[in-house]
Amino acid sequence: MNDFTNWDILRNLLLAVPWTVLLSAIAFAGGGIVGLILLVIGIGRRKWARRAVDLYVELFQSTPLLMQLFLVYFGLPMLGVDVSAWLAASVCLTAYSSAFLTGIWRGCVDAVPKGQWDGSASLGLSYLAQLRLVILPQAARMAIPPTVGFLVQLVKSTALASIVGYHELTKTAQILTNATFQPFIIFGLVALIYFVLCYPLTKLSRVLEVKLARSDR
Amino acid sequence: MGYEFDFGALAQYLGLFLEGAAVTLGLTVVSSFFGIGLGIWGAAVACGKRDWARKLIAAYVELIRNTPFIVQMFFLFFALPSLGYRFSALQAAALAMTLNLAAYAIEILRAGMQAVPAGQSEAGRGMGMRPLLVFGLIVLPQALANVYPALVGQITITMLESAVVSQIAVVDLTHVADFIQSRNFRSFETYLVVTLIYLVLAVLMRRMLVLGGSKLFLGRDP
């Protein structure tokens, strides 16, 4: 089985990259939508809703993503719901990222000065109008750097989908290793590819943070 | 839906759950100890004067922080043996967790050290203390107190991420869950219970560390 050249290995790994990117994108988009809904519910006036959202965030942040994946992928079929690896990974990572994004955004909304709420309320704006016109635009500015930073965490988290058999970068690496017995070059390349995906985002997050800090001065 | 929950079927495996939890916690304790130790050393170098050493540390931190933990672990466990370095699964897991935590700890502690006013170490040196003493007695305690909550958070994350060490056959909590559900085919109950055990471990660990920290850094806001 030595007819795999290094180029063949790299080519096959690169073919898997779109699946990692796609899963990240789905989880980010889905998590963003769910997270936004949870954010609006969580900052509302109802105390129980606020608590429920806090609990949701806490549950996802205090249990391993792998267990969440296993519960959906191996657990749900027991209850009669059939899930593919693809569906399990998308659903899990969406829920996971929604929890983290809600947590991040919540912090940003809380950091908007209280006077902004009072001021917009005194202008007669409804709750949703307050959010849309006054609070969220200010919170969003603060939220961009940590959100981009979370994207790095999300891309890395998609590697866990390989464990339930979703064919992304890490899974492809395992299959290639089994075929070629060249783990060193394969996992070295895989680490490099993840780095190339994540590092620009890390850098961007940092640049945006510095920019934000400067504009606040 | 004709499925009946049976959590009672898990009771006989209590011993296994406890063993798995002990391995997970043990790995976390070992990697926290060495990871934060390495982190302190790395952060000190990163705040130091030698440019090449600072760049080396920065490269290490970026490399670890921008690649998935599972890939780092697979690299240690599958790839390094081909160079002649052979680890047991447990060693590879502990090493991977330590190296991973160290990178995050360097970043956290560096920020903590930079937040200590320069006057503190200048005053220490002014009193004739050796540089190492200034670092150990003046800068480090304040830096640790500055970033303690972030370190606690990172230790918790390391514990939760350690679930993937089951993939190289370390018999941790997740591996125990895999084993039990392969025996009794009650995967939903098994994974739910193990998820809850992780939750309890994470919450308890965080509480205890925060409590311990408020005792350790007395007189400061927790």
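Remember, it's a predicted structure, so these values are computed and weren't measured experimentally.

Definitions and limits used
Residues numbered from 1 in each chain as written. Chains lettered and ligands numbered in written order. Predicted model: local features only at pLDDT ≥ 70, side-chain atom pairs only at ≥ 80, totals over all residues. Helix = DSSP H or I, 4+ residues; strand = E, 2+ residues; numbered from the N terminus. Buried ≥ 20, exposed ≤ 12 C-beta atoms within 10 Å, placed from the backbone. Contact = placed C-beta atoms within 7 Å. Nonpolar A, V, L, I, M, F, W, Y, C, P; charged D, E, K, R; others polar. Core = buried A, V, L, I, M, F, W, Y, C linked by C-beta atoms within 7 Å. Expected span 1.5 Å × (residues − 1). Bend = angle between axes of the 7 residues up to and from the residue. Axes fitted to C-alpha atoms, helices over the stretch in contact; angles between N-to-C directions. Left-handed = near helix turned anticlockwise from the far one by under 90°. Parallel < 35°, antiparallel > 145°, perpendicular 65-115°, else oblique.

Undergrad: Whenever I open this one, the overall build of chain A confuses me. Can you help?
TA: On a plain count of helices and strands, chain A comes out with eight helices and zero strands. By principal-axis analysis of the C-alpha atoms, chain A measures approximately 75 × 50 × 25 Å. Buried positions account for 39% of the 217 residues belonging to chain A.

Undergrad: Looking at this model, I keep getting lost on the overall build of chain B. Mind explaining?
TA: Per the secondary structure count, chain B includes eight helices and zero strands. Taken from the N to the C terminus, the helices and strands of chain B come in the order α-α-α-α-α-α-α-α. Its C-alpha atoms give chain B principal-axis dimensions of about 75 × 50 × 30 Å. Within chain B, the proportion of its 222 residues that are buried is 41%.

Undergrad: Can you walk me through unusual backbone geometry in this structure?
TA: Most of the time, phi is negative for any residue but glycine, and the peptide bond is trans. Even without a glycine there, the phi angle at F181(A) is positive, about 55°. Positive phi, normally seen in glycine, also occurs at A169(B), with a value near 70°. Note that A169(B) resides in the loop between α6 (131-161) and α7 (173-184).

Undergrad: Teacher, can you tell me more about the interface of chain A and chain B here?
TA: How large an interface is tends to be reported as the accessible area lost when its parts come together. Each side of the interface is counted separately: chain A has 30 residues, and chain B has 32 residues. Of all elements in the fold, only α3 (65-75), α6 (127-157), α7 (169-180) and α8 (183-216) of chain A reach the threshold of two or more residues within the side of chain A that touches chain B. Here the side of chain A that touches chain B gets eleven residues from one element, more than from any other, and that element is α8(A). Across the side of chain A that touches chain B, the residue classes tally to 21 nonpolar, eight polar and one charged.

Undergrad: Can you help me understand the nonpolar core in this one?
TA: By size, the foremost hydrophobic cluster in this structure holds 114 residues, and its most contacted members are L69(A), M73(B) and A93(B). At 14 residues, the largest contribution of residues to this core is made by helix α4 (residues 89-114) of chain B. When sequence neighbours within four positions are dropped, the list of residues in contact with A93(B) reads L27(B), M73(B), V165(B), I168(B) and V170(B).

Undergrad: Is there a simple way to think about α6(B) in this case?
TA: Note: α-helices contain 3.6 residues per turn, so residues at a spacing of three or four share the same orientation. Residue and element names in this part refer to chain B. For α6, spanning 31 residues, the distance from its first C-alpha to its last is only 37 Å, which falls clearly below the expected 45 Å at 1.5 Å a residue. At V147, α6 shows its largest kink, close to 60°, and the proline P149 lies no more than four residues downstream. V139, A143, N146, V147, Y148, L151, Q154, I155, T158, M159, L160 and E161 are the residues of α6 that are buried.

Undergrad: I would appreciate a short explanation of the packing of helix α4 (residues 85-111) of chain A against α6(A) in the present structure.
TA: Geometry of a packed helix pair, given as the angle between the helix axes and the separation of the axes. Residues and elements named next belong to chain A. The contact between α4 and α6 brings their axes to 8 Å, and the two run at 150°. Considering the relative orientation of α4 and α6, their crossing is right-handed. Along its contact with α4, which presents L93, Y96, S97, F100, L101, I104, W105, C108, V109 and A111, the element α6 presents I135, A139, M142, A143, P146, T147, F150, L154 and S157. Tallied by class, the residues present in the contact of α4 with α6 amount to 16 nonpolar, three polar and no charged.

Undergrad: Where do I start with the environment of V170(B) in this structure?
TA: Mapped onto the fold, V170(B) is located in the loop between α6 and α7. Sequence-distant contacts of V170(B), that is, excluding residues within four places in its chain, are made with V23(B), A89(B), L90(B), A93(B), V165(B) and H175(B).

Undergrad: Mind showing me how you'd approach the packing of helix α1 (residues 6-42) of chain A against α7(A) here?
TA: Residues and elements named next belong to chain A. Interhelical geometry of α1 versus α7 gives an angle of 155° and a closest axis separation of 8 Å. Judged on the interaxial angle alone, α7 and α1 are roughly antiparallel. Handedness of the crossing formed by α1 with α7: right-handed. Judged by residue contacts, I9, N12, L13, A16, V17 and T20 of α1 engage L169, T172, A173, L176 and T180 from α7. In terms of residue class, the contact of α1 with α7 is built from seven nonpolar, four polar and no charged.

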